[in-house]
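# Structural overview
Next come the chains, spelled out residue by residue.
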Amino acid sequence: MKKTISILLALLFVTASNLKAATSTPTTQTTNNTKQPTEQWVWHNPMAEAVPPLHGRAWNNEIGVTSFSRLPERMKPTLPPAVYRLSKQSAGISLRFITNSRNICVRMKLANRLSLSNMSGLNESGVDLYAVMPRGVFHWVGTHQHYRFGRSDADTARFYYRNIDANGPIEYQLYLPNYNTVNLLEVGTDEGATFQFVAPSTEKPIVVYGSSIIQGASPSRSGLSITHMVQRNLNMPIVNLGFSGNCFMEPALFNALSEIDARVYVIDPIPNSHRFAESEIVKRITEGVNILRQKDNTPIVLVQNYVASDNLMMKKSYASYLAGSTSVLKAYKALKQQGVKNIYLLEKEKIVLGEEGMIEGSHPNDFGSLVYARAYTDMLKKVLSRTK
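The following paragraphs examine the structure supplied in this document.

## Re the overall build of the protein
Each helix and strand in the protein was counted, giving 11 helices and 16 strands. Out of the 388 residues belonging to the protein, those deemed buried represent 54%. Of all intrachain contacts in the protein linking residues separated by at least 6 positions in sequence, the fraction that spans at least 24 positions is 78%. In the form shown here, the protein has an accessible surface area of approximately 18200 Å², with 54% of it arising from carbon and sulfur atoms.

## Concerning the pairing of strand β5 (residues 128-133)
Among the six residues in β5, five count as buried, and that is most of the element. As paired strands, β5 and strand β9 (residues 170-175) are joined by five bridges and run antiparallel to one another. Within β9, the residue paired with Asp 128 across the bridge is Tyr 175. In this sheet, strand β6 (residues 137-141) lies alongside β5 in antiparallel orientation, the contact comprising five bridges. Bridged to Val 132 within β6 is Phe 138.

## Focus: a positive patch on the surface
Positive charge collects at one region of the surface, where Lys 336, Lys 341, Lys 350, Lys 382 and Arg 386 lie side by side. Position of Arg 386 relative to the elements: it lies in helix α11 (residues 366-386).

## Regarding unusual backbone geometry
Of note, the bond from Ala 217 into Ser 218 is cis; its omega dihedral lies within 30 degrees of zero at -5°. One non-glycine residue, Arg 135, adopts positive backbone phi at about 60°. Structurally, Arg 135 can be placed in the loop between β5 and β6. Under the relative-accessibility criterion, Arg 135 is labelled exposed at 83%. In this model, Asn 342 sits at a positive phi of 60°, which is unusual for a non-glycine residue. On the secondary structure map, Asn 342 appears in the loop between α10 (315-337) and β16 (343-346).

## Some details on the sheet that holds strand β4 (residues 104-110)
One open sheet holds the five strands; their spatial order is β1-β10-β4-β8-β7, and the pairing between them is antiparallel. In the strand order of this sheet, the two ends are held by β1 (42-44) and β7 (147-148), each with one partner. In the sheet, β4 pairs with strand β10 (residues 182-189) via seven bridges, with the strands oriented antiparallel. Its bridge partner lying in β10, Cys 105 is registered against Gly 188.

## Some points on the pattern of salt bridges
Enumeration according to the criterion identifies 13 salt bridges in this entry. In this structure, Arg 96 engages Glu 171 in a salt bridge whose closest nitrogen and oxygen atoms are separated by 3.2 Å. One end of the pair, Arg 96, is in strand β3 (residues 94-99); the other, Glu 171, is in strand β9, with 75 residues separating them in the sequence. Among the salt bridges present, the one from Asp 296 reaches Lys 295, with a minimum N-O distance of 3.8 Å.

## A few points about the packing of helix α6 (residues 226-234) against α11
Two numbers describe how α6 lies on α11: the axes approach to 9 Å, and their chain directions differ by 45°. Comparing the axis directions of α6 and α11 gives the class oblique. Seen along the crossing, α6 lies across α11 with a hand that is right-handed. Contacts between α6 and α11 involve Ile 226, Met 229, Val 230, Asn 233 and Leu 234 from the first element and Ser 369, Leu 370, Tyr 372, Ala 373, Tyr 376, Thr 377, Leu 380 and Lys 381 from the second. Along the lines of polarity and charge, the residues of the contact of α6 with α11 split into nine nonpolar, three polar and one charged.

Scoring rules and cut-offs
Residues numbered from 1 in each chain as written. Predicted model: local features only at pLDDT ≥ 70, side-chain atom pairs only at ≥ 80, totals over all residues. Heavy atoms only, no water. Helix = DSSP H or I, 4+ residues; strand = E, 2+ residues; numbered from the N terminus. Buried < 20%, exposed > 50% of the residue type's maximum accessible area, 1.4 Å probe, protein only. Contact = heavy atoms within 4.5 Å. Areas by Shrake-Rupley, 256 points an atom, 1.4 Å probe, with all protein chains shown as cover. Pairing = 2+ DSSP bridges. Patch = residues over 30% accessible without salt bridge, like charges linked within 9 Å, V, L, I, M, F, W, Y side chains within 5 Å. Salt bridge = Lys/Arg side-chain N within 4 Å of Asp/Glu carboxyl O. Lys, Arg positive; Asp, Glu negative; His and termini not counted. Charge placed at Lys NZ, Arg CZ, Asp CG, Glu CD. Axes fitted to C-alpha atoms, helices over the stretch in contact; angles between N-to-C directions. Parallel < 35°, antiparallel > 145°, perpendicular 65-115°, else oblique. Left-handed = near helix turned anticlockwise from the far one by under 90°. Nonpolar A, V, L, I, M, F, W, Y, C, P; charged D, E, K, R; others polar.

Listed below in structure tokens is the structure:
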């Protein structure tokens, strides 16, 4: 009997060992024909360029290679502390480069570990790669689960794009994390592959000022943020000045906006500013528009609050957002009556997120972000067609 039990225990041990050996984590699976992480890469550092090839960043020359921040350091004394802190996060910023490499690796050091419970790690702290084809066509490139985040602040996150169908040089756009601070980023290519960064466009950007929704909450990956989708839809540069929980329309922010030689300004404040009384919302919008008008007659789009997915079942929760949209309409009409030209209203009825469009009742998911981006795209096409 003891001998039989010993044999059974030995068989169980061998079986368990074999199962353990056959198990791999989803982010480290590889096949025989893929480039292994241990192979050599040729690394390219965007911050080694004379002017950093960062797209979607105003003040790019001024900020330079010192950081991936969105606002220059000189503004710190006048900015709300939370806005200054959030400006260190790389929302809306991307790299472009051209390479014929069939394998690409991105390695990053980030300031913070994954921490947001209502957001995918790939959106908060990941990169997202698209191939840029002629005539403004973009094709997404996936990692197929070949990525890993660092386990501590000192670790390096890596994202692998393997066996790309590249028969020659291809331009790529790499979107940076929406909710983390990038301290170091390098792009790795095959040995012998050609590579060059693409300088930012000198074209005037569309500038979007808003809340966490504009910063990038909460689609599944960074390239699906609203401003990134609009950028691809229009094939135009966009500057993302979304600040999570802190879009309160302070004069310092409008002064910052006025420094940008913009094609269009989009002001989308109500997801945060709905907390204010109507008179305060109207006051802040009109004062902000007047600051921008002191500079020039660049088109301005005021955005009402989206129609939430649960607005029928949570009327009390939605009431202040609805009131905020009414305040935006009142400010818009007041500005029109004052003779302000080139001002537009994106109505809430154009941003109906639908029953499946939100992640927790405050932020759009992939579906909702797509609805939002389409509404932005349609409005901006209308505005741009009138300003040619």
